[in-house]
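# Tertiary structure, described
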Amino acid sequence: MDTSPAAIEMRLAAFRQRCGALGLALTPQRLAIYQVLAGDASHPGAEDIYRRIKPGMPSLSLGTVYRTLELFEEHGLISRLHAFSDQSRFDANLDDHHHLVCVRCRRIIDFQDDRLRELPVEPASLDGFQVLGHRIHLVGLCAECQPEHSPAARS
Ligand SMILES: [Zn+2]
Ligand SMILES: [Zn+2]
């Protein structure tokens with residue numbers, strides 16, 4: 001996900017417009033929650049978002065963050081990722097894309113490869129299932145988490 005100031009600004013403008021069209025009130029808390037997602041390519045979880053904006057918004061509760069994320073998801077403003085069984089992560093990038101999931105630092109990185117637009121699946125193996133889309137999670141170690149980059153290996 002592009003996190004340049006111009007890209008974040010575009011995402012925020014589209015978000016404001018869609019909230020207006022949906023009749024969703026743009027409260028400061030909702031805006032702050034979306035802002036974290038719009039500017040963070042690592043797909044943060046609810047608690048992460050809460051920790052980041054709580055200092056500037058003392059009245060914010062973790063429950064509000066969860067409910068707001070659910071609301072955004074229901075309206076298609078963000079998507080939820082189930083990359084880890086213990087924690088949902090959230091994505092403001094609505095473009096078609098896939099994810100690289102690091103099992104060590106739990107970073108989730110966007111990636112796209114044109115060859116993944118079509119999956120090499122035979123219709124017969126789908127047993128009548130109608131495919132609406134697909135998202136691929138490649139699970140592994142990010143560049144920083146590979147052994148040769150760890151402090152132990154360097155010393
Ligand atoms: Zn990592
Ligand atoms: Zn993503």
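Conventions adopted
- Residues numbered from 1 in each chain as written.
- Chains lettered and ligands numbered in written order.
- Predicted model: local features only at pLDDT ≥ 70, side-chain atom pairs only at ≥ 80, totals over all residues.
- Helix = DSSP H or I, 4+ residues; strand = E, 2+ residues; numbered from the N terminus.
- Buried ≥ 20, exposed ≤ 12 C-beta atoms within 10 Å, placed from the backbone.
- Contact = placed C-beta atoms within 7 Å.
- Core = buried A, V, L, I, M, F, W, Y, C linked by C-beta atoms within 7 Å.
- Expected span 1.5 Å × (residues − 1).
- Arc of directions from axis to C-beta.
- Domains from an automatic or database assignment.
- Axes fitted to C-alpha atoms, helices over the stretch in contact; angles between N-to-C directions.
- Parallel < 35°, antiparallel > 145°, perpendicular 65-115°, else oblique.
- Left-handed = near helix turned anticlockwise from the far one by under 90°.
- Nonpolar A, V, L, I, M, F, W, Y, C, P; charged D, E, K, R; others polar.

## A few points about the overall build of the protein
- Counting its regular elements, the protein contains five helices and five strands.
- Counted from the first residue to the last, the protein has its helices and strands arranged as α-α-α-α-β-β-β-β-β-α.
- Counting all 155 residues of the protein, 16% fall into the buried class.
- Put simply, 51% of the contacts in the protein that link residues at least 6 apart link residues at least 24 apart.

## Quick look at the nonpolar core
- Membership of the largest hydrophobic core comes to 15 residues, with the highest contact counts inside it found for Y34, L37, V65, L69 and I78.
- Counting residues per element, the ones that place at least two in this core are α2 (28-38), α3 (46-53) and α4 (62-74).
- Looking at which element gives the most residues to this core, the answer is α2, with four residues.
- Setting aside chain neighbours within four positions, we find L37 in contact with P44, I78, F90 and A92.

## Structural notes on α4
- The terminal C-alpha atoms of α4, which comprises 13 residues, lie 18 Å apart, in line with the 18 Å expected from a rise of 1.5 Å per residue.
- Inspection of α4 places V65, T68, L69 and F72 among the buried residues, and these make up the whole buried set. All buried residues of α4 fall inside an arc of 100° around its axis, so they share one side. When the buried face of α4 is taken as reference, the exposed residues oriented beyond 90 degrees from it are G63, R67 and E74.
- Looking at the buried side of α4, the elements it contacts are α2, α3 and β2 (87-91).
- G76 lies just past α4 and shows a positive phi near 70°.

## Some thoughts on the domain arrangement of the protein
- Under the domain assignment used here, the protein contains domain 1 (5-91) and domain 2 (98-154).
- Each of domain 1 and domain 2 has a C-alpha centre, and these two points are 23 Å apart.
- Contact residues are listed per partner, giving seven residues for domain 1 and seven residues for domain 2.
- Top contributing element to the side of domain 1 that touches domain 2 by residue count: strand β1 (residues 79-84), with three residues.

## Points about α2
- Along α2, the residues that are buried comprise I33, Y34, L37 and A38. In a view along the axis of α2, the buried residues occupy a sector of 135°, so they form one face of it.
- Of the surrounding elements, those touching the buried residues of α2 are α1 (5-22), α3, α4 and β2.

## Describing the packing of α1 against α2
- Put simply, α1 and α2 touch, their axes get as near as 10 Å, and they point 140° apart. Considering their axes alone, α1 and α2 lie oblique with respect to each other. For the element pair α1 and α2, the recorded crossing hand is right-handed. Between α1, through I8, R11, L12 and F15, and α2, the contact on the second element is made entirely by Y34, Q35 and A38.
- Of the residues assigned to the contact of α1 with α2, the class counts are five nonpolar, one polar and one charged.

## Observations regarding unusual backbone geometry
- Look at H43: it is not a glycine, yet its phi comes out positive at around 60°.
- Examined against the element boundaries, H43 turns out to sit in the loop between α2 and α3.
- Its identity is not glycine, yet D127 carries a phi of approximately 55°, on the positive side.
- In this fold, D127 is placed in the loop between β4 (108-111) and β5 (137-140).

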